[in-house]
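Fold and contact review
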Amino acid sequence: MTQQQRRAAREQAFSLLFALAFHANLQEVLDARDEDEVPLDEFALQLATLAVENLQMIDEEIAKRLKPGWRLGRIPRATHALLRLAVCEMLHVDDIPVGVSINEAVELAKIYGDDDAPKFVNGLLGAIAREHDTRS
């Protein structure tokens, strides 16, 4: 899979995780997809499924690094979905370097997040990477 194909797959996985904020579960999100949409990439589905399977742990990892008094509900939904995707990759996908996961999340944050999202995403994911001393 090329870098461009992986980026497109990550974008699809992000859209699935973002849609999860408005649906009960991943299957409901998949059922709501329009037949005319671009076919779902297998890697995207694997990432989204892995993230959903580990959602509680992923959200705990994110919540531990929020400023005092902040809670997950304060994070914009798009940024939260990006963080979920990246944390999932960082902690559960061994063949993707952590730096790549962080960089891809920051790039998606530039597109889908507000002006502060890229810096916030980079800082939070960097803190997770340092604590877990994950692969580079």
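Scope of this entry: the structure provided in the associated data block. Since this is a predicted model, take the numbers as computed values, not measurements.

**Description of the overall build of the protein chain**
Counting its secondary structure elements, the protein chain contains seven helices and zero strands. Its helices and strands taken in sequence order, the protein chain reads α-α-α-α-α-α-α from the N to the C terminus. A compact globule built from 136 residues should have a C-alpha radius of gyration of about 14 Å, and the protein chain, at 14 Å, falls within 12% of that. In terms of overall dimensions, the protein chain has a C-alpha envelope of 45 × 30 × 30 Å along the principal axes.

**Considering the pattern of salt bridges**
This structure, assessed with the given rule, holds ten salt bridges. Between glutamate 104 and arginine 7 there is a salt bridge whose closest N-O contact spans 2.8 Å. With glutamate 104 in helix H6 (residues 98-112) and arginine 7 in helix H1 (residues 3-19), this residue pair connects regions lying 97 residues apart in the sequence. According to the relative accessible area criterion, glutamate 104 is buried, its value standing at 3%. For arginine 7, a relative accessible area of 33% gives the class partly exposed. Of the charged contacts, one joins glutamate 131 and arginine 65 as a salt bridge, the two residues approaching to 2.7 Å between their closest N and O atoms. Of the two residues, glutamate 131 sits in helix H7 (residues 117-132) while arginine 65 sits in the loop between helix H4 (55-63) and helix H5 (77-92), which places them 66 residues apart along the sequence. Among the charged side chains, a network of salt bridges with common partners joins Glu61, Lys64, Arg65 and Glu131.

Definitions and cut-offs
Residues numbered from 1 in each chain as written. Predicted model: local features only at pLDDT ≥ 70, side-chain atom pairs only at ≥ 80, totals over all residues. Heavy atoms only, no water. Helix = DSSP H or I, 4+ residues; strand = E, 2+ residues; numbered from the N terminus. Rg over C-alpha atoms; globule rule 2.2 N^0.38 Å. Salt bridge = Lys/Arg side-chain N within 4 Å of Asp/Glu carboxyl O. Buried < 20%, exposed > 50% of the residue type's maximum accessible area, 1.4 Å probe, protein only.

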